[in-house]
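These are the residues of each chain, in order.
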Amino acid sequence: MDQDQSAQLYEEAKLLFPGGVSSPVRAIRPFPFYTKTASGSHITDVDGNEFVDCCMAYGPLILGHAHPVVREAIAKQLEHGWIYGTPAEQEIMYARKIQAHYPGMKMLRFVNTGTEATMGAIRAARGFTGRDKIVKIEGGFHGAHDAVLVRAGSGAATMGTPDSLGVPVDFVKNTLQVPFNDVGALEETLSSHKDEVACLIMEPVMGNMGPILPKDMYLRAVRNITRDHDVLLILDEIITGFRVNMFGAQGYYGVEPDLTTLGKIAGGGLPIGVFGGRRDIMETVAPQGGVYQAGTYSGNPLSLIAGMTTVEVMETGEVHRKLNAMGKALYQSLVDTVRSLNMQDLVTPTGISSMFQLFFGPQPSNYDEALKADRAKFEGFWRHMLQNGVFFPPSQFETNFLSAAHTQSDLDRIVAACRKSLVAIK
Ligand SMILES: *Cc1c(COP(=O)(O)O)cnc(C)c1O
């Protein structure tokens, strides 16, 4: 595979950007490929190599790259301008649409990124309860802001720096951690910090240490425990929202949080974040209440239109029926492939709906178990996958995504590439 142009561009980029990139997960060793164009399920680099994309921009592109209906909606909006600095009707239209699927979001705020959404939700929870402490799940990622940059999954774990320099210890002393799938640890933490904890923030399906599913009844137990302790539950559905189904993991598992954060798919590929939930909590957000939150680009019509159109395309249910069927078939093929190579002690396919990953170790149920995965093996595997024409996100702790644009022939290519790559590293 010829990658000369990407290699050259990266040489220049390394002088311009820290690590040569605009976000750490993109810094593939020895160099990342530079994308020239992308369409549907395929992504093409500047050297002309075409890959089946299973990264899909880390989640937003559930309909695939450059979906024609979304593109047309964006183009139409462009004629009317792309930022106003005033309210616009699109906010109301899209908010209603989100509420139809996330009925717990009685009031909401549009922001620009998932990071901002979780920052706003946590601040609202602290403002509403008047408490400082928060609990997060080890390995949970909620964006790159101070309070949640503790044992924060994929990017940090892969780079070997689980915490960030520049975050004063004082800023995270109020951030408590519990392992995923551990009801006892949560109960104990909340009991020993009685009346001190504002909220628990968590991904209902862990997506930033590979997909890790909640055990049976875990999320319901979490809901009961948080309610019993008068602690707000924030479900960070920035990956799972509109992904596992239209109603997110909260609909799938039947758990209603106090606050929800959305992003990624909710912006249809343009930058967005959303946080919202109980009216009494959201009424504390400025200008109605004293919890300050603001943004020049918040609720910009382009992101709203891209997100709303994406949601509309999915409303018939056809997209999720297809995605979930494909996800199931792919998962089964991966299990069969691993078994036929007699590598089941080395590799565990895992996933839910259109999220999947191959774990180089036993099926993890929390962060500490996930960290035991053989990252060197994964890296070798990943490289062979790329050589074989399939682009996975370059970390053991990321999630692979299928989109509605993936076809049976893409799935066949993924499975064939997996077989070859597993044999190569055996
Ligand atoms: C991606 C992600 C975020 C951060 O969203 P950005 O738009 O990258 O700021 C927050 N939470 C979860 C669960 C995510 O996957």
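Note that the structure is a prediction, hence the values are computed from the model and not measured.

Helix H15 (residues 408–425) packs onto helix H12 (residues 318–340) with a crossing angle of 25 degrees between their chain directions and a minimal axis gap of 10 Å. In terms of orientation, H12 and H15 fall into the roughly parallel class. Read as a crossing pair, H12 and H15 show a hand that is right-handed. Where H12 approaches H15, its residues Met326, Leu330, Ser333, Leu334, Thr337, Val338 and Ser340 are matched on the opposing element by Leu411, Ile414, Val415, Cys418, Arg419 and Leu422. Across the contact of H12 with H15, the residue classes break down as 9 nonpolar, 3 polar and 1 charged.

To continue, consider the domain arrangement of the chain. Under the domain assignment, the chain is made up of domain 1 (4–66 + 316–425) and domain 2 (68–314). For domain 1 versus domain 2, the distance between C-alpha centres works out to 25 Å. Taken together, the 37 residues of domain 1 in the interface contact 38 residues of domain 2. Carbon and sulfur atoms supply 62% of the area that domain 1 and domain 2 bury against each other, a total of about 3100 Å² over both sides. Broken down residue by residue, the surface that domain 1 buries against domain 2 is led by His320, Ile352 and Tyr367, which jointly contribute 22%. Connecting domain 1 to domain 2 are 0 salt bridges. Our count for the contact surface shared by domain 1 and domain 2 stands at 12 residue pairs in polar contact (both at pLDDT 80 or more). Elements with a contribution of two residues or more to the side of domain 1 that touches domain 2: H12, strand S11 (348–352), strand S12 (355–359) and helix H13 (367–370). A per-element tally of the side of domain 1 that touches domain 2 places S12 first, with 4 residues.

Turning our eyes to something else, we now look at the packing of aromatic side chains. In this structure the tally under the stated criterion is 11 aromatic pairs. Their ring planes at 55 degrees and their centres at 5.3 Å tell us that Phe360 and Phe381 sit as a pair that is tilted. Residue Phe360 is found in the loop between S12 and H13, and its partner Phe381 is found in helix H14 (residues 375–387); the two are separated by 21 residues along the sequence. For the residue pair Phe360 and Phe381, the accessibility class agrees, reading buried in each case. One aromatic cluster in this structure is built from Phe356, Phe360, Phe378, Phe381 and Phe392.

Looking at the ligand, the residues that line it are Thr113, Gly114, Thr115, Phe141, His142, Gly143, Glu203, Asn208, Asp236, Ile238, Ile239 and Lys264. Side-chain polar atom of Thr115 to an oxygen atom of the ligand: 2.6 Å apart, as the coordinates give it. Protein burial of the ligand: of its 380 Å² of free accessible surface, 83% is covered by the chains. Within the shell around the ligand, the residues separate by chemical class into 3 nonpolar, 6 polar and 3 charged.

Counted according to the given criterion, the structure contains 11 salt bridges. One salt bridge connects Asp230 with Arg131, and the closest N-O pair in it is separated by 3.6 Å. Here the residue Asp230 occupies a position in the loop between helix H8 (218–228) and strand S8 (232–236), and Arg131 occupies one in the loop between helix H4 (114–129) and strand S5 (133–137), the gap between them amounting to 99 residues. The class of Asp230 is exposed, set by a relative accessible area of 52%.

Moving on: the environment of Ser164. Turning to its location among the elements, Ser164 is positioned in the loop between helix H5 (154–159) and helix H6 (169–172). The sequence separation of Ser164 and Ala152 amounts to 12 residues, and the corresponding C-alpha distance is 9.7 Å.

When you tally the buried positions in strand S9 (residues 259–263), you get 5 out of 5 residues, the bulk of the element. In the sheet, S8 pairs with S9 via 3 bridges, with the strands oriented parallel. Following the sheet pairing, Ile234 is matched in S9 by Leu259.

What counts and what doesn't
Residues numbered from 1 in each chain as written. Predicted model: local features only at pLDDT ≥ 70, side-chain atom pairs only at ≥ 80, totals over all residues. Heavy atoms only, no water. Axes fitted to C-alpha atoms, helices over the stretch in contact; angles between N-to-C directions. Helix = DSSP H or I, 4+ residues; strand = E, 2+ residues; numbered from the N terminus. Parallel < 35°, antiparallel > 145°, perpendicular 65-115°, else oblique. Left-handed = near helix turned anticlockwise from the far one by under 90°. Contact = heavy atoms within 4.5 Å. Nonpolar A, V, L, I, M, F, W, Y, C, P; charged D, E, K, R; others polar. Domains from an automatic or database assignment. Buried area = accessible area lost by both parts, 1.4 Å probe. Salt bridge = Lys/Arg side-chain N within 4 Å of Asp/Glu carboxyl O. Polar contact = N/O pair within 3.5 Å; in protein donor to acceptor, adjacent residues only side chain to side chain. Phe/Tyr/Trp six-rings, centres within 6.5 Å; stacked < 30°, edge-to-face > 60°. Buried < 20%, exposed > 50% of the residue type's maximum accessible area, 1.4 Å probe, protein only. Near = heavy atom within 4 Å. Areas by Shrake-Rupley, 256 points an atom, 1.4 Å probe, with all protein chains shown as cover. Pairing = 2+ DSSP bridges.

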